[in-house]
Amino acid sequence: MFGKLFLLFLGVSLVTATCDTTKFVACQDTFADKLGIDRVYNWLNPLGLTLQIQDIYINGGVAGARGLNVVCNAYNSFVQCLSDASTTTFECFDIGYLLTHSSAPNQAYSYGFLMSMLQYQCGAGFYLASDNWQCMQRIYNGKNATMYGCITDFVLNAQEDPKRGCDYVQTGMDCFSKASTLQGCPDELKYYGCESFRQYSIPQFARCEKQCTIDTQFRGI
Ligand SMILES: *[C@@H]1O[C@H](CO)[C@@H](O)[C@H](O)[C@H]1NC(C)=O
């Protein structure tokens, strides 16, 4: 009862999603297999999965495959697997569904966040990173701990004090865009970093209506 009220307070839709949990779990196993990581990195361990994906971005996949391609091929197969398994493709990433099927809100959110970021990085943002992958790979390598810190700070702060959520979104966007700078690398990568984080936050904070732009993204730094 309290849980449901709590969710309603957060403005989360409890309209039942039609994700089939059994198939969702099976698709997650295939996702992990395609990423070449242990199946324990699933919706029960979303921050661990986040680090595994960062690790693939840094080190590439088996036989030297480009990290971005490994992750996005796996992600696209995952989405395909889900669309075969549920009424609509993204029902299983729906925060309302995740909250009612996870053991903790943190877990639900950080899984939904990650999938939202991947949707951007493997969709609209793909070519921006792909065209500059040497740079982006070096950025992930050099800023791995920083970027993971941007994410864990955001997840903790947003759950502890959701009323200030939009401030935390801005902090995270600034954190990611600042991390996405490297001498000799194009400025667009700052936008890519900012937008990756903005997309990360959207499942909980679409209402903040933040924007990433090349000129204003360092507001507050
Ligand atoms: C990235 O940073 C995290 C957190 O500090 C660390 O646990 C992980 O081993 C790092 N990964 C790589 C590839 O350096």
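Residues numbered from 1 in each chain as written. Predicted model: local features only at pLDDT ≥ 70, side-chain atom pairs only at ≥ 80, totals over all residues. Heavy atoms only, no water.

### Quick notes on the overall build of the protein
Piece 1. Within the protein, the regular secondary structure consists of 10 helices and 0 strands.
Piece 2. Traced from its N-terminal end to its C-terminal end, the protein shows the element sequence α-α-α-α-α-α-α-α-α-α.
Piece 3. Here the protein holds 221 residues, and 48% of them are scored as buried.
Piece 4. A sequence separation of at least 24 residues applies to 70% of the contacts in the protein between residues at least 6 apart.
Piece 5. Here the protein has roughly 10700 Å² of accessible surface; of this, 52% comes from carbon and sulfur atoms. (Helix = DSSP H or I, 4+ residues; strand = E, 2+ residues; numbered from the N terminus. Buried < 20%, exposed > 50% of the residue type's maximum accessible area, 1.4 Å probe, protein only. Contact = heavy atoms within 4.5 Å. Areas by Shrake-Rupley, 256 points an atom, 1.4 Å probe, with all protein chains shown as cover.)

### What about the site of the ligand?
Piece 1. Every residue close to the ligand is listed here: Leu51, Asp55, Ile58, Asn144, Ala145 and Tyr148.
Piece 2. At 2.4 Å from an oxygen atom of the ligand is found a side-chain nitrogen or oxygen belonging to Asn144.
Piece 3. Isolated, the ligand exposes 360 Å² of accessible area, and the fraction of that covered by the protein chains is 51%.
Piece 4. For the shell around the ligand, the per-class residue count stands at 4 nonpolar, 1 polar and 1 charged. (Near = heavy atom within 4 Å. Polar contact = N/O pair within 3.5 Å; in protein donor to acceptor, adjacent residues only side chain to side chain. Nonpolar A, V, L, I, M, F, W, Y, C, P; charged D, E, K, R; others polar.)

### Considering helix α2 (residues 21-35)
Piece 1. Over its 15 residues, α2 extends 21 Å from the first C-alpha to the last, a length consistent with the 21 Å expected when each residue adds 1.5 Å.
Piece 2. Considered for burial, the residues of α2 that qualify are Phe24, Cys27, Gln28, Asp29, Phe31, Ala32 and Leu35.
Piece 3. Between the side-chain oxygen at the start of α2 and the backbone nitrogen of Thr22 there is a gap of 3.0 Å, and the oxygen is on Asp20.
Piece 4. Following α2 by one or two positions, Gly36 has its phi on the positive side, about 75°. (Expected span 1.5 Å × (residues − 1).)

### Observations concerning the pattern of salt bridges
Piece 1. A full pass over the atoms with the stated rule returns 5 salt bridges.
Piece 2. When the shortest N-O distance is used, the salt bridge between Arg39 and Asp29 registers 3.7 Å. Of the two residues, Arg39 is situated in the loop between α2 and α3 (46-59) and Asp29 in helix α2; the sequence distance between them amounts to 10 residues.
Piece 3. Connected through shared salt-bridge partners, Asp29, Asp33 and Arg39 make up one network. (Salt bridge = Lys/Arg side-chain N within 4 Å of Asp/Glu carboxyl O.)

### A closer look at the packing of helix α8 (residues 133-160) against helix α10 (residues 188-205)
Piece 1. Where α8 meets α10, the closest approach of the two axes is 12 Å, and the angle between their N-to-C directions is 30°. The orientation of α8 with respect to α10, classified from their angle, is roughly parallel. Relative to α10, the crossing made by α8 is right-handed. Along the contact surface, α8 presents Cys135, Met136, Ile139, Tyr140, Cys150, Ile151, Phe154, Val155, Ala158 and Gln159, while α10 presents Leu189, Tyr192, Phe197, Tyr200, Ser201, Gln204 and Phe205.
Piece 2. A class-by-class count of the residues in the contact of α8 with α10 yields 14 nonpolar, 3 polar and no charged. (Axes fitted to C-alpha atoms, helices over the stretch in contact; angles between N-to-C directions. Parallel < 35°, antiparallel > 145°, perpendicular 65-115°, else oblique. Left-handed = near helix turned anticlockwise from the far one by under 90°.)

### Comments concerning the packing of helix α6 (residues 105-121) against α10
Piece 1. Running from amino to carboxyl end, α6 crosses α10 at an angle of 140°, the nearest separation of the two axes being 7 Å. In terms of their interaxial angle, α6 and α10 are classed as oblique. Handedness of the crossing formed by α6 with α10: right-handed. When α6 is examined against α10, the residues Tyr109, Ser110, Gly112, Phe113, Leu114, Ser116, Met117, Tyr120 and Gln121 are found in contact with a partner set consisting of Tyr191, Tyr192, Glu195, Ser196, Gln199, Tyr200, Ser201, Ile202, Pro203 and Gln204.
Piece 2. By residue class, the composition of the contact of α6 with α10 is 10 nonpolar, 8 polar and 1 charged.

### Some details on unusual backbone geometry
Piece 1. Positive phi is not limited to glycine here, since Ala63 has a value of about 55°.
Piece 2. Position of Ala63 relative to the elements: it lies in the loop between α3 and α4 (67-85).
Piece 3. Residues other than glycine seldom take positive phi values, yet Glu209 does so here, at roughly 50°.
Piece 4. Within the fold, Glu209 resides in the segment after α10.
Piece 5. With a relative accessible area of 66%, Glu209 lands in the exposed category.

From the geometry alone we can't say anything about function, so treat these as descriptive.
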